[in-house]
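Architecture at a glance
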Amino acid sequence: MSERRVLVVEDEQTIAESIATRLRAEGFEVELAGDGPSAVAAFVARPHDLVVLDIMLPGFDGLEVCRRLQAERAVPVLMLTARDAETDLLVGLAVGADDYLTKPFSMRELVARTHALLRRVDRATELASAPPPEEKSLTLDDVEISLTERRVRVTGEEVHLTRTEFDLLVCLMSRPRAVLPRERLLSAVWGWTDSAGSRTVDSHIKALRRKLGGDRIRTVHGVGYAWETAR
Ligand code: CA
């Protein structure tokens, strides 16, 4: 496989350099951009396999960068956020970021997330290139998922989900009423084996609830989540 190309968008030079150094050591080809406009220009010139994107940037911010990149071509995005920037985070997930790290983070964690994200994308690509299965769908109450088309309808209306939200929804709806611990969701959807990212699950559930509407996902405090259904 040819070298994976990563675009690192961060205006703080020291952080940008240490991320680049670490990712290069992992065998990635890394390109740096210090502001919104140059990040978009670099991506348009030659799209990358993954983008590490800081939210606070000069020019226009990371959320706008994410929106523009996704409009150009679907790309996995690992967002870097300031502590407690919950609103940024939710908007980020809505504009197509797949995962996020809260500053300060360790380089080890960044590398782990990068690999996990690329594995998920590879898995999705494999599935997409496999011979077409017969139409598979999953319907509970008024929520209908087409697994082959990766589309979701709520009472007949299409709802647009990010890749992560979709995988999470499939996971929950495949086991109606069962309580799925956060750790299990992390490993099934994100491919992580540690439980350090429970907040990631919470944020994506929040985004999913907002998009689907209604009281469909039950929080089981201290454990995880369950899909609520009459059936
Ligand atoms: Ca910054």
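Use the structure listed above.
Predicted, not measured: the structure shown is a model, and the values here were computed from it. (Residues numbered from 1 in each chain as written. Predicted model: local features only at pLDDT ≥ 70, side-chain atom pairs only at ≥ 80, totals over all residues. Heavy atoms only, no water.)

Structural notes on the sheet that holds strand β1 (residues 5–9)
Our working rule: Think of it this way: DSSP has to see at least two bridges between two strands before they count as a pair. Helix and strand definitions here come from DSSP, where helices need a minimum of 4 consecutive H or I residues and strands a minimum of 2 consecutive E residues; each element is numbered from the N-terminal end. Structural elements are reduced to axes, namely lines fitted to C-alpha atoms, with helices fitted over the stretch in contact, and the angle between N-to-C directions of any two is expressed from 0 to 180 degrees.
Pairing is parallel across the open sheet formed by five strands, whose spatial order is β2-β1-β3-β4-β5. Each edge of the sheet is formed by a strand with only one pairing partner; in this case those strands are β2 (29–33) and β5 (99–102). Geometrically, the sheet is characterised by an average inter-axis angle of 20 degrees between neighbouring strands, direction not taken into account. With four bridges joining them, strand β3 (residues 50–54) and strand β4 (residues 77–81) adopt parallel strand pairing. In the strand pairing of β4, Leu-53 is matched with Met-79.

Some points on the nonpolar core
We count it as follows: Working definition of a nonpolar core: buried Ala, Val, Leu, Ile, Met, Phe, Trp, Tyr and Cys residues. They are joined through side-chain atoms within 4.5 Å. Working definition: with a 1.4 Å probe on protein chains only, accessible area under 20% of the residue-type maximum means buried, over 50% means exposed, and in between means partly exposed. Every residue pair with non-hydrogen atoms within 4.5 Å of one another is taken to be in contact.
Counting 28 residues, the largest nonpolar core has Val-152, Leu-169, Leu-172, Leu-208 and Trp-227 as the members making the most contacts within it. Within the residue set of this core, elements represented by two or more residues are β7 (143–146), β8 (151–154), α6 (163–174), α7 (182–190), α8 (198–212) and β12 (224–227). Top contributing element to this core by residue count: α6, with seven residues. Here Leu-208 is in contact with Leu-161, Glu-165, Leu-168, Leu-169, Leu-172 and Ile-217, once residues within four sequence places are set aside. Membership of the second largest hydrophobic core comes to 23 residues, among which are Val-9, Ala-39, Ala-42 and Ile-55.

Section: the pairing of β12
Every regular strand shows the same layout, with side chains that alternate between the two sheet faces. As judged from the two bridges shared by strand β10 (residues 180–181) and β12, these two strands associate in the antiparallel manner. Along β12, the bridge assignment pairs Pro-181 with Gly-224. Alignment of strand β11 (residues 217–220) against β12, held across four bridges, turns out to be antiparallel. Bridged to Thr-219 within β12 is Tyr-225. Here β11 folds back onto β12, and the loop between the two strands holds three residues, one of which, Gly-222, carries a positive phi near 75 degrees.

Thoughts on the coordination of the calcium ion
Stated precisely, the cut-off is as follows: Donor selection uses N, O and S atoms within 2.8 Å of the metal (3.2 Å for Na, K and Ca). Since no water is included, sites may look incomplete.
Donor atoms from the polypeptide that coordinate the calcium ion comprise Glu-10 (OE), Asp-11 (OD), Asp-54 (OD) and Met-56 (O), at 2.1 to 2.9 Å from the metal. Each donor residue of the calcium ion lies on one chain, and together they are spaced E-D-x42-D-x1-M. Here Asp-11, found in the loop between β1 and α1 (13–25), pairs with Met-56, found in the loop between β3 and α3 (62–72); they are 45 residues apart in sequence, far enough to count as distant. The exposure class assigned to Met-56 is exposed, which follows from its relative accessible area of 60%.

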